[in-house]
Structure formats: structure tokens, C-alpha cells
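# Report on the structure
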Amino acid sequence: MLRSLFSGISSLRSHQTMLDVTGNNIANANTTGFKAGRTQFEDTLSQMVNQPGAPQAGAGGTNPAQVGLGVRVANVTNDFTSGAPQQTGRGLDMMINGSGFFVVNSGGEQLYTRAGAFNLDGLGRLVTGSGAFVMGWAADADGNINANGPLTNLALPITTTMGAQATGTVTFDGNLPADGDVADVSDEPTSLLRSIEVYAADGTPTTLDVRFTLAATEPAQWDVAISDGDGTELGTGTISFDTDGRLGDVDVDPVTVGGEQISLDMGALTGFAGLTTIEAADQDGQGAGVLQSFAMTSDGTLMGSFSNGLRQAVGQVAVSSFGNDAGLEKAGGSLLRATVNSGAPQVGPAGDGARGTITGGALEMSNVDLSQEFTNLIIAQRGFQAGSRIITTSDELLQELVNLKR
């Protein structure tokens, strides 16, 4: 048989594979995080017709004469350049800016994906569209995350709570006016009441009332009376200022509210004339709260918003990088599997090392270039046609040979 017949057959097979790859790229033009494939050809073995000859004194060298035996697919590689971002505004949609992959647990196997369209299942676990668990690190009760610890399946159940914390310090800030009325010369001395809500260890709130009454001027001195919301007196004290309005002496002892001792920090107060800006600026306690929503930070931290008005980390999404992304094996469902040629997964927080950052409320679109793919369709079609023409022409030659015997 003619060698060209087998060359033509190999051309048909190879261009059919190219057509398959191109068709798959076009079919996945709208698949989130899809990476386009590219077909690479190489020639097969060649038959030696004449061996090469070395140059000699009486004759020059000769080159080898070889006849090729066809073509084959050398490789189908994936293009891991990033796709364009698509803003969705959905909190569970995540996109990696740069290199890296989300780590998921599918049937007990650790796989990887660029498709960040996640959902919550009935138990509040973060999952992919196919039900694989998104992996990362859960925060402890205080919102601390150990990114060096083992990976776990991330969960955001509606029962997630932020624990209560007893108030230890109430901080006052601002100015007490030095030019007010005192009790010696006025029936109504200058008196200022400031209230703030404080918390017991179990989260029980109590209103703390602090009344400042001007007792003397030049320099200014204020009496402090502390009570709870029911009017029960809890303690008293005094504050004095220098003649230049700077804080002098503070004699206010801690008070006990709900079994917890609370200190009153008044070290930032001033006593200038004509200004009344004193406020109970802050307290370090909190009531218990339940998770209402969350937002994503660039390092993959899930910041939960709780019903007590506070925000606290509830977990962090893990990101993995590889030495050779093209060495990953497609496992279906937009998932990838590590291989011996991809290198070991380097798992860590987003934005650390070679790992890209994460954007919440966005998805990575497919990186398929339709104009290039339709061009590849034409190339594959013409290559297939040319291969079939080789077979047709070889058949005509064989027919001529057969017709020699008549």
C-alpha cells in the first residue's frame, strides 16, 4: 500500500482531534472559570530512504533522504491566562485575581477550581454547584484564624453566633465647660448627664448614667455621680482641671454593674471655657449576636456582620498554587486534579506568595477567544479536507495500478 494513505489517515485523525478540542472550547465560551484548550501537532516516524554520507576527499557529503509517515497530536494544553471579571453583586460569588485555585473537597478527594460560583447547602456549608465542599480555615470564638492549621470544610450556618463580652472600661472624651454655674451661687448648677449601655458577661445590657456637676471654678472642679438605669447609685468621684484647662486630678473609682467591675477612663477630658462636648465615647463590652450576612476581603477572609452591630471573621477561603498549572488534569465539573507534573499544591491565604487575591461579588469568565476558535474551525476543516484529498488521490493511483492488469 502507498505510504500516503496512512499519512492521510493520520491527518484525518489529528484534525478530528483538533476539531473536538475547538468545539469543546466554543461550547464552554460561557462556562465560569473555563480555560481553553489548544491542540499541538507533531510528525511521526520517518522512513530512511538514503543514509547521510560524510564528506570525503573525492566526494562531498550527502544529506539523509527520509519520507515522513504522517502526523499525530503531540499535546492538548490548557491556557491558564485569567478570564475577564464579571460583576454579579452576589456575596457567594468569588473570583481569584491572578494565579491560584480554590480548594474543594469532592467525595473525600482534594480538587481545585477557578469557578467561584458557590452556594450554601441546608447545613450552611459553602459548596460548589456540584456539591463539593469549599475548604479553608474556620475562625475561633474570638474571630482568630490559624492559616497554618489543617483545612476544613467552610460553613456559615444561620446559627453562627458572636459571644457576649463583659464591659471592663468605659471611655469618656470631650470638654467640660469651665465657665458654668456652681451650687454656691446658683440654684441650678451646671450639670451634664451622659449615658451608655454596658454589658455583663452573659450579654445582659445595663444603662450606665454618669452625671457631671460643676462644684468649683478657677480652677474648675466637677463632682461625678454614677448610677444605673434604675437610679441606683453605684459610685461617686471628682475631676479637677488646671487653670489652663488641662486635666489635673481624677478621683473616680471603678463601679460594679451586674457583678462586673467597670473602670471609667476620663484621661482624655479637657476643661476649656465655652465648650460642652463631653461624651461617653466607647465601651469594650458587647452583647451576643447572630450572623446576618458576610463580606469577602482580598485575602479570602469572610467577615460576618452580626445582629449586635459588630463584625468579626468567621472563616477564610484557602487558595492553592502550583509550579505548573498546565500539568493539572481536568476532573469534570470545572474541577482540576493535581498530577505528578503539576507539582505539589501550595495552599495558603489569598494574596500570599504567588497566590492571587480574591474579589467578592464577581466571577471569572471563560478565557475562550471566539474569533480565534472560529478561525481554528476553518483550519481544522481545511486540514481534514486536505487529508481526505490525500486518500482520494492515493486511491486513484492504486486504481491506475489495478487497471494495468486487464
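Notes on the structure in this doc start here. (Residues numbered from 1 in each chain as written. Predicted model: local features only at pLDDT ≥ 70, side-chain atom pairs only at ≥ 80, totals over all residues. Heavy atoms only, no water.)

### Let's talk about the sheet that holds strand S20 (residues 255-257)
Heads up, the rule is: Following DSSP output, two strands are said to pair if at least two bridges run between them. Secondary structure elements are taken from DSSP: a helix is a run of H or I of four residues or more, a strand is a run of E of two residues or more, and numbering for both begins at the N terminus. Here an angle of 0 to 180 degrees is reported between the N-to-C directions of two axes, which are lines fitted to C-alpha atoms, with helices fitted over the stretch in contact.
A sheet is described by the order of its strands in space; here 4 strands give the open sequence S20-S21-S14-S22, paired in mixed fashion. Edge positions in the sheet fall to S20 and strand S22 (279-283), since each has one partner strand and no second. Neighbour-to-neighbour, the strand axes of this sheet turn through a mean angle of 35°, independent of strand direction. Here strand S14 (residues 169-175) runs beside S22; their pairing, made up of 4 bridges, is antiparallel. Bridge pairing links Phe172 to Ala280 in S22.

### Details of the sheet that holds strand S15 (residues 191-199)
What the 5 strands build is an open sheet, ordered S15-S16-S17-S18-S19; its pairing is antiparallel. Sheet topology places S15 and strand S19 (247-252) at the edges, where each strand pairs with a single neighbour. In this sheet, neighbouring strand axes are inclined to one another by 20° on average, regardless of whether the strands run parallel or antiparallel. One ladder, built from 7 bridges, connects strand S17 (residues 221-228) with strand S18 (residues 233-241); its direction is antiparallel. Paired with Asp223 across the strands is Thr238, a residue of S18.

### Examining the nonpolar core
Note the following rule: Residue types Ala, Val, Leu, Ile, Met, Phe, Trp, Tyr and Cys, when buried and joined through side-chain atoms within 4.5 Å, form a set referred to as a nonpolar core. Partly exposed describes any residue whose relative accessible area lies between the buried limit of under 20% and the exposed limit of over 50%, with all areas from a 1.4 Å probe on protein chains only and scaled to the type maximum. Here a residue-residue contact requires only that any non-hydrogen atoms of the pair lie within 4.5 Å.
If you look at the biggest cluster of nonpolar residues, it comprises 26 residues, and the most contacted ones within it are Phe172, Val210, Phe212 and Met266. Excluding its chain neighbours within four sequence positions, the residues that come into contact with Val210 are Phe172, Leu192, Leu193, Arg194, Val224, Ala225, Ile226, Leu264 and Met266. Grouped together as the second largest cluster of nonpolar side chains are 20 residues, Ile96, Phe102, Phe306 and Val319 included.

### Brief notes about the environment of Gln40
Mapped onto the secondary structure, Gln40 falls in strand S1 (residues 37-43). On the basis of relative accessible area, Gln40 is assigned to the partly exposed category, the value being 29%. Here the alpha-carbon distance between Gln40 and Leu377, two residues 337 residues apart in the chain, equals 14 Å. Apart from the residues lying within four places of it in its own chain, the contact partners of Gln40 are Arg72, Val73, Ala74, Asn75 and Thr77.

### What about the pairing of strand S21 (residues 260-270)?
The sheet contact formed by S14 and S21 spans 6 bridges and is parallel. Looking across to S21, one finds that Val170 is bridged to Leu264. With 3 bridges joining them, S20 and S21 adopt antiparallel strand pairing. Bridged to Val255 within S21 is Ile262.

### Observations concerning the pattern of salt bridges
Pairing is possible between side chains that carry opposite charge, provided their charged atoms lie close to one another. Worth spelling out the cut-off: In the sections that follow, a salt bridge refers to a side-chain nitrogen of Lys or Arg positioned within 4 Å of a carboxyl oxygen of Asp or Glu.
Counted by the stated rule, this structure contains 8 salt bridges. Close ionic contact of Arg125 with Asp121 constitutes a salt bridge, the shortest N to O distance being 2.8 Å. What emerges from the salt-bridge pattern is a single network uniting Lys35, Arg114 and Glu364.

### Here we look at the layout of surface pockets
Which entries qualify depends on this criterion: The distinction between a cavity and a pocket rests on a 1 Å grid over the protein atoms alone: a 1.4 Å probe fits inside a cavity but cannot get out, while a pocket stays open yet meets protein on both sides within 12 Å along at least five of seven lines, and a residue with an atom within 4 Å of a point counts as lining. Grid points are joined across faces, edges and corners, and a volume is the space filled by probe spheres set on the points. Charged residues are taken to be Asp, Glu, Lys and Arg, nonpolar residues to be Ala, Val, Leu, Ile, Met, Phe, Trp, Tyr, Cys and Pro, and polar residues to be all remaining types, Gly included.
In this structure, the largest pocket encloses a volume near 300 Å³. Lining the largest pocket are 18 residues, with Ala36, Gly37, Arg38, Glu373 and Asn376 positioned closest to its centre. Listed by contribution, the elements that provide at least two residues to the lining of the largest pocket are helix H1 (3-27), S1, strand S4 (71-78) and helix H2 (370-403). If you tally residues by element for the lining of the largest pocket, the top one is H1, at 4 residues. Considered class by class, the residues forming the lining of the largest pocket number 4 nonpolar, 10 polar and 4 charged. Roughly 180 Å³ of internal volume is contained in the second largest pocket. As for the second largest pocket, its lining consists of 15 residues, of which Phe34, Lys330, Ser334, Leu335 and Leu336 are closest to the centre. Looking at the lining of the second largest pocket, the elements with two or more residues in it are strand S27 (329-332) and strand S28 (335-337). Top contributing element to the lining of the second largest pocket by residue count: S27, with 3 residues. Among the residues forming the lining of the second largest pocket, the class breakdown is 5 nonpolar, 7 polar and 3 charged.

### Observations concerning the side chain of Ser227
Mapped onto the elements of the fold, Ser227 is located in strand S17. In contact with Ser227, other than residues within four places in its own chain, are Thr207, Leu208, Asp209, Thr232, Glu233 and Leu234.

### Some points on the packing of H1 against H2
Put simply, the rule reads: Throughout this description, any angle smaller than 35 degrees is read as roughly parallel, any larger than 145 degrees as roughly antiparallel, any in the 65 to 115 degree range as roughly perpendicular, and the remainder as oblique. Definitions for this section: a left-handed crossing has its near helix turned counterclockwise from the far helix by less than a right angle. A right-handed crossing has that turn clockwise.
One can describe the packing of H1 onto H2 by two numbers: an axis separation of 8 Å at closest approach and a directional angle of 160°. For the element pair H1 / H2, the angle class is roughly antiparallel. Crossing of H1 over H2 shows left-handed handedness. Among the residues forming the contact of H1 with H2, the class breakdown is 15 nonpolar, 12 polar and 1 charged.

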